[in-house]
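So you can see what is in the structure, the chains are spelled out below.
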Amino acid sequence: MSADNERDYVSSMRQSLAEYISKTEASQSRVAKELGVSKTTLSFFMNGSYTGNNHEIAKSIEQYIHMGAARQAVAKAPKICLTVRNTVEIEQKARIAHIQNSIVLIYGPAGCGKTTALQHYAHTNNGVIYVEADVTTNTPRCILKLILRALGEDARGSTADIMQYILAKLTSTNRLLIIDEAQHLTEKSFDTVRAINDKAHIGIVYAGNPSILKRMYGRQAEEFDQVYSRTIYKCKLSNGFTQEDISEIYAGFGISKECLKYLYQIAKRKGGLRLMVNQCRIAQNIALSVNEEFSVHHLEEAAVKMGIGGAA
């Protein structure tokens, strides 16, 4: 590539990225992170003062924009539907815990909408701290570090030091702490979170799959008694959605009644709404790729690709 062509290429990629950022309303920090470069490097590149390899960055930008355009072209998942029974239940119980500074337990099978509804509550209400536990973050110190990170702080010192810092930050704030995937917590972790409720007087929502309840009622019932007895609501969810729920979720998508009935049958299976949404998106993309009207045929084809079988 000649020097003139090189300059033109870099300049065109600089302009293309500026247009892409404007169109998608993405922050330059986010774009830099997705490109794998520092914010400073991207800033220098965009104002023409970068002294490094401009061609390599321009090439990365070209690929980034191409991939972004491809993502824009695929079918979108539906946004949260606030009228679905599970979502209504979750929002109501989270609000009770938030208002009363109490402990609420929400449990149900995978795909029933727990995480989506809890994240929505966290994003639409002030004073909510949302963390998600897993098998690697089940100890008291790990949970406390997650909470501190959600507060925008770095963890320093001993576990006791971190606990005292969190209590100082949260006491008398009337905030709500949501711990998703809480079935991963150990006995000591439950006790640690309970202590936050006791001493800081903030609301707690534990959310997880049914095994969280089994742990409270099982062989270790005596260890969990302090937690369970303080839990004022135990909210059991299921994948028992109605056809009206599915119609509401896909309102405005122009999906036929036949397809909605099919999706209703999928939503009742193991995997619930998550399985249904994933299958529908794959089916919609299949229909788009061959320029055909979306139909049950595409849903069946998606089921084959996913290896899950049809709705029957």
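The structure this text deals with has already been given above.
Here's what I pulled together on the structure shown here. (Residues numbered from 1 in each chain as written. Predicted model: local features only at pLDDT ≥ 70, side-chain atom pairs only at ≥ 80, totals over all residues. Heavy atoms only, no water.)

Following the sequence through the fold, His98 ends up in helix H5 (residues 85-100). Classification of His98 by relative accessible area gives buried; the value is 13%. Engagement of the side chain of His98 in a polar contact is seen with the side chain of Tyr121, the distance being 2.9 Å. Beyond its immediate chain neighbours, meaning those up to four positions away, His98 contacts Tyr121, Asn126, Gly127, Val128, Asn174, Arg175 and Leu176. (Helix = DSSP H or I, 4+ residues; strand = E, 2+ residues; numbered from the N terminus. Buried < 20%, exposed > 50% of the residue type's maximum accessible area, 1.4 Å probe, protein only. Polar contact = N/O pair within 3.5 Å; in protein donor to acceptor, adjacent residues only side chain to side chain. Contact = heavy atoms within 4.5 Å.)

The next subject is the state of the cysteines. Scanning the model with the defined rule gives zero disulfides in all. There is no disulfide at Cys235, and the cysteine sulfur nearest it, in Cys112, is 9.0 Å away. For Cys259, which is in no disulfide, the shortest distance to another cysteine sulfur is to Cys280 and amounts to 7.6 Å. (Disulfide = S-S within 2.5 Å.)

To continue, consider the packing of aromatic side chains. For the coordinates displayed, the defined rule picks out three aromatic pairs. When the centroid spacing of 5.4 Å and the interplanar angle of 85° are considered together, the rings of Tyr250 and Phe253 count as edge-to-face. Just above the ring of Phe45 sits the side chain of Arg14; from NZ or CZ to the centre is 4.9 Å. (Phe/Tyr/Trp six-rings, centres within 6.5 Å; stacked < 30°, edge-to-face > 60°. Lys NZ or Arg CZ within 6 Å of the ring centre and 35° of its normal.)

A few words on the sheet that holds strand S2 (residues 128-132). Taken in spatial order, the five strands make up an open sheet running S2-S3-S4-S1-S5, and their pairing is parallel. Edge positions in the open sheet fall to S2 and strand S5 (231-236), since each of these has one partner strand only. Ignoring strand direction, the axes of neighbouring strands in this sheet form an average angle of 15°. Summarising the sheet, strand S1 (residues 103-107) and S5 pair through five bridges and their orientation is parallel. Bridge pairing in S5 places Val104 opposite Tyr233. Strand contacts of helix H7 (residues 140-150): S2 and strand S3 (176-180), with the helix running at about 135° to S2, the strand carrying the most contacts. (Pairing = 2+ DSSP bridges. Axes fitted to C-alpha atoms, helices over the stretch in contact; angles between N-to-C directions.)

Next up on the list: unusual backbone geometry. The backbone of Ser172 sits at a positive phi, close to 65°, despite the residue not being glycine. Its identity is not glycine, yet Asn174 carries a phi of approximately 55°, on the positive side. Here Asn174 shows up in the loop between helix H8 (159-170) and S3.

Right, let's get into the environment of Ala150. Structurally, Ala150 is set in helix H7. Residue classification places Ala150 among the partly exposed residues on the basis of a relative accessible area of 42%. With 27 residues separating them in the primary sequence, Ala150 and Leu177 have C-alpha atoms 10.0 Å apart. Once you skip the residues sitting within four places of it in the chain, Ala150 turns out to touch Ile129, Tyr130 and Val131.

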